[in-house]
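Results of the structural survey
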Protein chains: 2
Amino acid sequence: MVRTKIQNELYPDCPIRNILARISDKWSILVLFTLNQSALMRFNTLQKNIPDISQKMLTVTLRTLEEDGFVKRKVYAEVPPRVEYSLTERAISLLPHINDLITWAKNNMDAILTDRIQNKQKS
Amino acid sequence: MVRTKIQNELYPDCPIRNILARISDKWSILVLFTLNQSALMRFNTLQKNIPDISQKMLTVTLRTLEEDGFVKRKVYAEVPPRVEYSLTERAISLLPHINDLITWAKNNMDAILTDRIQNKQKS
DNA sequence: CAGGATCCTATGGGATACTG
DNA sequence: CAGTATCCCATAGGATCCTG
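Presented here is a report on the structure given in the accompanying data block. Since the structure is predicted, the reported quantities are computational estimates derived from the model, not experimental observations.

What follows deals with the packing of helix H2 (residues 28–35) of chain B against helix H4 (residues 55–67) of chain B. Residue and element names in this part refer to chain B. Remark: H2 packs on H4, axes separated minimally by 10 Å, with the N-to-C direction vectors making an angle of 80°. By the angle between their axes, H2 is roughly perpendicular relative to H4. Judged by residue contacts, Ser28, Val31, Leu32 and Leu35 of H2 engage Leu58, Thr61, Leu62 and Leu65 from H4. Looking at the contact of H2 with H4 residue by residue, the classes come out as six nonpolar, two polar and no charged.

In this section: the sheet that holds strand S2 (residues 71–76) of chain A. The strands making up a sheet are joined through hydrogen bonds of the backbone, oriented either antiparallel or parallel. All names here are of chain A. As summarised here, the arrangement of the three strands in space is S1-S3-S2, forming an open sheet in which the pairing is antiparallel. A single partner strand is all that each edge strand has here, and the edge strands are strand S1 (41–42) and S2. Packing against the sheet, helix H2 (residues 28–35) makes contact with S1, S2 and strand S3 (82–87), and its axis sits at approximately 100° to S3.

Glancing now at the interface of chain B and chain A. Contact with chain B, which involves 47 residues of that partner, is made by 48 residues of chain A. Roughly 4,700 Å² is buried in total at the junction of chain B and chain A, and carbon and sulfur atoms are behind 68% of that figure. Between A:Glu67 and B:Lys120 there is a salt bridge whose closest N-O contact spans 3.5 Å. Counting across the interface, chain B meets chain A through 16 residue pairs in polar contact (both at pLDDT 80 or more). When residues of the side of chain B that touches chain A are traced back to their parent elements, those giving at least two are helix H1 (15–23), H2, H4 and helix H5 (89–122) of chain B.

Residue and element names in this part refer to chain A. Following the sequence through the fold, Asp68 ends up in the loop between helix H4 (55–67) and S2. Look at Asp68 and you get buried, because its relative accessible area is 2%. Of note is the side chain of Asp68, whose polar atom sits 2.6 Å from the side chain of Arg22.

Residues and elements named next belong to chain B. Judged by pairing direction, the sheet is antiparallel, and its three strands sit side by side in the order S1-S3-S2 without closing on themselves. The open sheet has two edge strands with one neighbour each: strand S1 (41–42) and strand S2 (71–76). Looking at chain direction, S2 and strand S3 (residues 82–87) are connected through six bridges and run antiparallel. In the strand pairing of S3, Val71 is matched with Leu87.

Cut-offs and rules
Residues numbered from 1 in each chain as written. Chains lettered and ligands numbered in written order. Predicted model: local features only at pLDDT ≥ 70, side-chain atom pairs only at ≥ 80, totals over all residues. Heavy atoms only, no water. Axes fitted to C-alpha atoms, helices over the stretch in contact; angles between N-to-C directions. Helix = DSSP H or I, 4+ residues; strand = E, 2+ residues; numbered from the N terminus. Parallel < 35°, antiparallel > 145°, perpendicular 65-115°, else oblique. Contact = heavy atoms within 4.5 Å. Nonpolar A, V, L, I, M, F, W, Y, C, P; charged D, E, K, R; others polar. Pairing = 2+ DSSP bridges. Buried area = accessible area lost by both parts, 1.4 Å probe. Salt bridge = Lys/Arg side-chain N within 4 Å of Asp/Glu carboxyl O. Polar contact = N/O pair within 3.5 Å; in protein donor to acceptor, adjacent residues only side chain to side chain. Buried < 20%, exposed > 50% of the residue type's maximum accessible area, 1.4 Å probe, protein only.

Written out as structure tokens, the structure reads:
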């Protein structure tokens, strides 16, 4: 994924290249899924729920999701600062499809992992 | 995505990290979608349908999809060689969910692209 | 607390040349 | 035709340090 690129030059109308490719990275789906677990979530809480994400990547991923209108970021003028992240309506309308994917992945995981090792041996 | 990694060490049971992250790359979804357009497809035809993919990445993507049991590869003992790619039952069971994603992306693309540029300006 | 700024490395991915 | 093999570069992403 090329985050700096706003739109694919050759295929500006392709929904896969322009929209889906943008959340096809290591963390976006996981962040959306995690945010979906509660209405509001602070930065630290989010990071606690995804322990293997780095601070930088959590920030970068949230910013990109925010750019595309999937995530709302609310900053409170307090000290120490409080920032609450939540899903937008757009994300909420997407999430059922994400959840379907996750359910599918859960149901097929064992078989895929078995095949993966098997097929890896052969090559 | 780390293609060499067979399974996530910290979260071996996470379907997102282990299954979905694997097809969360630049080309997998597009290749699955394209293969779904006809029952069988040869390497060259596939590449003609995805003109902006490099030969290397088409090969790599197909191999990974094959490892995970999404793609079947049939080689004919002919000269010049003929290789036909097709979706497996597993891929066929996944594809409705992929298509739902694509439809969603198509319906929301304009609004997202608008937001993306807008939000990019602000930052 | 919620990050920004840097530095660094691994690797995703393209371009080109070659082959059974 | 359907790839392999190389070389190379951009960038995704981690680690660490710093700050309002």
